[in-house]
Amino acid sequence: MSVSILRVNSAGMPVEWLNWQEAVCLHARDLVSWTYGEEVMEVHGGYSRFTGEQTVVKLSSIMACKGKVVGLERKRPPLTNRALFRRDHNVCMYCGETFRECDLSRDHVIPISRGGRDIWTNVVTACKRCNARKGDLPLDRCGMELLALPYKPNHAEYLALTHSGRILGDQMAFLKRQFSSHSRLLEDATLVAS
Ligand SMILES: [Zn+2]
């Protein structure tokens, strides 16, 4: 079973996704300060030599760990096509149509050949047709318009974008609190498990 647990710091700031083995390790090392959300898994361990009882760890969908997580705000979310397409909901930012991942491409709003950089704020999702049509022209020369401005996801948004499956409702609620107000992920229901 594949289940992801959202690790947050003691103040409730999302940190990372854990698999159940990592979550059990943190429990065993007594590093969990609180848990929240629905129970997603029950893990049975060894039997105690003293009481003869089997240890059971109940994993909740969200867990806070002791200790400080440093540099989280400064951490830059790496730019990948997958995360980029998800940021833009698989919608071409020029023609507005929705495409499968394999039919999409990364378009540099200011083309690399004209000094544009390969960074979140200069890239949008584009279908291959629109990308080819735009070529390496800047926006004002190709007669095309952007449907929405590119933005750099913050850490919570990035966690939502890079999660491989559906995110549980309570996890998403936690992440959303940290989303920036311009985030297009705020209305995205497809990321959440029903
Ligand atoms: Zn297009």
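Keep in mind it's a predicted model, so treat the numbers as computed, not measured.

Asks: I'd like to hear about the overall build of the protein chain, residue by residue, with values.
Replies: When helices and strands are counted, the protein chain shows six helices and six strands. Ordering the α and β elements of the protein chain from the N terminus gives β-β-α-β-β-α-β-β-α-α-α-α. At 21 Å, the protein chain has a C-alpha radius of gyration far larger than the 16 Å of a compact globule built from 194 residues. With respect to the principal axes defined by its C-alpha atoms, the protein chain has extents near 75 × 30 × 25 Å. Counting the 194 residues in the protein chain, one finds 22% classified as buried. The long-range share in the protein chain, meaning contacts at least 24 apart out of those at least 6 apart in sequence, stands at 61%.

Asks: Could you give me a rundown of the nonpolar core, with the residues and numbers involved?
Replies: Considering soluble globular proteins, one finds that nonpolar side chains tend to be buried as a cluster. Within the largest apolar cluster, 18 residues are counted, with the highest numbers of intra-cluster contacts made by Ala-160 and Leu-175. Counting only elements with at least two residues in this core, the list comes to strand S1 (5-9), strand S4 (54-65), helix H5 (155-162) and helix H6 (169-176). One finds Met-93, Tyr-94, Val-123 and Cys-130 within the second-largest nonpolar core, a separate group that totals twelve residues.

Asks: Summarise the pairing of strand S6 (residues 123-127); cite the residues concerned and give the values.
Replies: Of all the five residues making up S6, five are buried; the element is thus mostly covered by neighbouring parts of the structure. Both faces of S6 are covered, namely the face carrying Val-123, Thr-125 and Cys-127 and the face carrying Val-124 and Ala-126. Note: strand S5 (residues 104-108) against S6, five bridges, orientation antiparallel. If you follow Ser-105 over to S6, its bridge partner there is Ala-126.

Asks: Account for the sheet that holds S1, naming residues and giving values.
Replies: Taken in spatial order, the four strands of this open sheet run S2-S1-S4-S3, and their pairing is mixed. At either end of the open sheet lies a strand with only one pairing partner, and these are strand S2 (14-18) and strand S3 (32-47). The average undirected angle you get between the axes of adjacent strands in this sheet is 40°. For S1 and S4, the ladder comprises four bridges, and the chain directions are parallel. Counted as the bridge partner of Asn-9 is Cys-65 from S4.

Asks: Before we move on, can you summarise the environment of Arg-106 with the specific residues and values?
Replies: Considering the arrangement of structural elements, one finds Arg-106 in strand S5. Setting aside residues no more than four positions away along its own chain, Arg-106 makes contact with Asn-81, Leu-84 and Val-123.

Asks: Talk me through the environment of Arg-100; I want residue IDs and the actual numbers.
Replies: Looking at the element boundaries, Arg-100 is found in the loop between helix H2 (81-87) and S5. The sequence separation of Arg-100 and Cys-130 amounts to 30 residues, and the corresponding C-alpha distance is 15 Å.

Asks: So what's going on with the environment of Leu-147? Residues and values would help.
Replies: Mapped onto the elements of the fold, Leu-147 is located in the loop between helix H4 (139-142) and H5. Expressed as a C-alpha distance, the spacing of Leu-147 and Cys-95, which sit 52 residues apart in the sequence, is 8.1 Å. Once you skip the residues sitting within four places of it in the chain, Leu-147 turns out to touch Met-93 and Gly-96.

Procedures and definitions
Residues numbered from 1 in each chain as written. Predicted model: local features only at pLDDT ≥ 70, side-chain atom pairs only at ≥ 80, totals over all residues. Helix = DSSP H or I, 4+ residues; strand = E, 2+ residues; numbered from the N terminus. Rg over C-alpha atoms; globule rule 2.2 N^0.38 Å. Buried ≥ 20, exposed ≤ 12 C-beta atoms within 10 Å, placed from the backbone. Contact = placed C-beta atoms within 7 Å. Core = buried A, V, L, I, M, F, W, Y, C linked by C-beta atoms within 7 Å. Pairing = 2+ DSSP bridges. Axes fitted to C-alpha atoms, helices over the stretch in contact; angles between N-to-C directions.

Geometry only, nothing functional implied.
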